Amino acid sequence: MIKTASWAYRGFTIANYVFLISLSVLCVLPLIHLLAMSLSSNNAVATGSVTFWPVEFTWKSYQFIMDKPEFMASFIISIKRVVLGVIVNMVLTILVAYPLSKEAASFKGRTVYVWIFVFTMLFSGGIIPIYMTMRSLGLLDTIWALILTHAVPVYNVVILLNFFRALPKELEEAALMDGAGQWRILWNIYLPLSTPSLATLTLFATVSHWNSWFDGILFMNSPSHYPLQSYLYTVVVGLDTLIKSNTDLEMLALISDRTARAAQIFLGAIPILVIYPFLQRYFTKGIILGSVKE
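Here the structure is a predicted model, which is why all the values come from computation and not from measurement.

Caption draft 1: Here's a closer look at the overall build of the protein. Within the protein, the secondary structure is distributed over 15 helices and 0 strands. For the protein, the residues scored as buried account for 36% of the 294 residues in total. In the protein, 71% of the contacts between residues at least 6 apart in sequence involve partners at least 24 apart. Taken as a whole, the protein presents about 17,500 Å² of accessible surface, with 70% of it coming from carbon and sulfur.

Next comes the structure, spelled out in structure tokens:
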């Protein structure tokens, strides 16, 4: 029986590895194809010769994109949005999750507040009320319209709330007996112990702000204020935004609209590809809730 179970376990492990590796390859191949297309010549892409390796290697697509002031301006706007947005998200997420992680006996009305936040996950007023609110606050065409509409990600609050609740209650009781207040308990005990969860939520907030494109088109009156993903959307839908002069037309004759779009999309994905490896080691720990043992 032991030998049969051992072989069954090995077979399951091998099948698991094969499945996960195949799934990973399927996720990576489109990105590799996009990179190969952006580094290939116009003729190679037009004839369908490009698969996963550049054909007639050229940097002209990236040269064309990097020379565009609109691309760099939108890139800088996205960087500002991510930095400010992640700070606002994490501060508000921590300040909301910490009191809601307490027992109802120590925080009266906790259940009511929890249901209010959960309600917003299921129902919303829609686009028109949000737009009217931003307009009445005078935030249209400003970066704060992109940040404040996503200021409190309730899903992240629920994750951090449950992580806080999984921490041993004896830690807080001991701190209270030593005269510590709630701010000191949060800053010196809860946050250091929640590093994996905080790193995971930081990654979630970063990806959310970086990939968001619709709110930029909705709240920005001028294309010059678009974040990168909104700008890329206008490029993918219509290449006319790239063509400003006869020089652009001559360059597009050499590189093709498909290679230009591929280069822009790949450049837009680079920051997340750079950040993720540094936070990946926290990802598994942070997403598993209730793992702290007494």
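Caption draft 2: Here's a closer look at the packing of helix α4 (residues 69–100) against helix α8 (residues 154–166). Axis separation between α4 and α8 bottoms out at 8 Å; the angle between their running directions is 45°. Relative to α8, the element α4 lies oblique. Seen along the crossing, α4 lies across α8 with a hand that is right-handed. Residue-level inspection shows Thr93, Ile94, Val96, Ala97, Tyr98 and Leu100 of α4 in contact with α8, the latter providing Asn156, Val157, Leu160, Leu161, Phe164 and Arg165. Of the residues in the contact of α4 with α8, the class split is 9 nonpolar, 2 polar and 1 charged.

Caption draft 3: Representation of the packing of aromatic side chains in the model. Counted under the stated rule, the structure contains 10 aromatic pairs. Summarising the aromatic geometry, the rings of phenylalanine 119 and phenylalanine 123 are spaced 4.9 Å apart at their centres and angled 35° between planes, so their arrangement reads as tilted. Given a relative accessible area of 49%, phenylalanine 119 falls into the partly exposed group. Within the aromatic cluster, the residues linked to one another by ring pairs are Phe57, Trp59 and Tyr62.

Caption draft 4: Up close: the pattern of salt bridges. Throughout the structure, instances matching the rule amount to 3 salt bridges. For arginine 81, the salt bridge is made with aspartate 215, and the minimal N-O distance between the two is 2.6 Å. Of this pair, arginine 81 sits in helix α4 while aspartate 215 sits in helix α12 (residues 214–219), and the two are 134 residues apart along the sequence. The exposure class of arginine 81 is buried, given its relative accessible area of 1%.

Caption draft 5: Up close: unusual backbone geometry. Even without a glycine there, the phi angle at glutamate 56 is positive, about 55°. By the secondary structure assignment, glutamate 56 is in the loop between α2 (42–46) and α3 (60–66). Even without being a glycine, aspartate 141 presents a positive backbone phi close to 65°. Checked against the element boundaries, aspartate 141 lands in the loop between α6 (127–136) and α7 (143–148). Relative accessible area serves as the criterion here: at 22%, aspartate 141 is assigned to the partly exposed category.

Caption draft 6: Fine view of the side chain of arginine 81. Of note is the side chain of arginine 81, whose polar atom sits 3.5 Å from the side chain of serine 212. Within the structure, the side chain of arginine 81 is placed 2.6 Å from the side chain of aspartate 215, a separation counted as a polar contact. Beyond its immediate sequence surroundings of up to four residues, arginine 81 is in contact with Val86, Ile143, Leu146, Ile147, His150, His209, Ser212, Asp215 and Pro227.

Caption draft 7: Broad picture of a nonpolar patch on the surface. On the surface, Ile79, Val83, Ile87, Val91, Leu92, Leu95, Val152 and Trp183 cluster together to form a nonpolar patch covering roughly 710 Å² of accessible area. No other element matches the 6 residues that α4 contributes to the nonpolar patch. In this fold, isoleucine 79 is placed in helix α4. With relative accessibility at 36%, the residue isoleucine 79 sits in the partly exposed group.

Caption draft 8: Local environment of the confidence of the model for the protein. The share of residues in the protein with pLDDT of 70 or more is 85%, and the mean pLDDT across the chain is 81. The element-level mean pLDDT for the protein is lowest in helix α14 (residues 246–255), coming to 57, with α7 highest at 92. Contacts of residues 289–294 to residues separated by more than four positions or lying in other chains number 9 contacts, the stretch itself having pLDDT below 50.

Caption draft 9: Region of the structure containing the layout of surface pockets. What the largest pocket holds in volume is close to 580 Å³. Taken together, 25 residues form the lining of the largest pocket, with Ile130, Thr149, His150, Ala151 and Val152 sitting closest to its centre. For the lining of the largest pocket, the secondary structure elements donating two or more residues are α6, α8, α11 (195–211) and α12. Here the lining of the largest pocket is composed, by residue class, of 13 nonpolar, 11 polar and 1 charged.

Each value, and the rule that gives it
Residues numbered from 1 in each chain as written. Predicted model: local features only at pLDDT ≥ 70, side-chain atom pairs only at ≥ 80, totals over all residues. Heavy atoms only, no water. Helix = DSSP H or I, 4+ residues; strand = E, 2+ residues; numbered from the N terminus. Buried < 20%, exposed > 50% of the residue type's maximum accessible area, 1.4 Å probe, protein only. Contact = heavy atoms within 4.5 Å. Areas by Shrake-Rupley, 256 points an atom, 1.4 Å probe, with all protein chains shown as cover. Axes fitted to C-alpha atoms, helices over the stretch in contact; angles between N-to-C directions. Parallel < 35°, antiparallel > 145°, perpendicular 65-115°, else oblique. Left-handed = near helix turned anticlockwise from the far one by under 90°. Nonpolar A, V, L, I, M, F, W, Y, C, P; charged D, E, K, R; others polar. Phe/Tyr/Trp six-rings, centres within 6.5 Å; stacked < 30°, edge-to-face > 60°. Salt bridge = Lys/Arg side-chain N within 4 Å of Asp/Glu carboxyl O. Polar contact = N/O pair within 3.5 Å; in protein donor to acceptor, adjacent residues only side chain to side chain. Patch = residues over 30% accessible without salt bridge, like charges linked within 9 Å, V, L, I, M, F, W, Y side chains within 5 Å. pLDDT = per-residue confidence, 0-100. 1 Å grid on protein atoms, 1.4 Å probe; cavity = no way out; pocket = protein on both sides within 12 Å on 5 of 7 lines; lining within 4 Å. Points joined across faces, edges and corners; volume = space filled by probe spheres on them.

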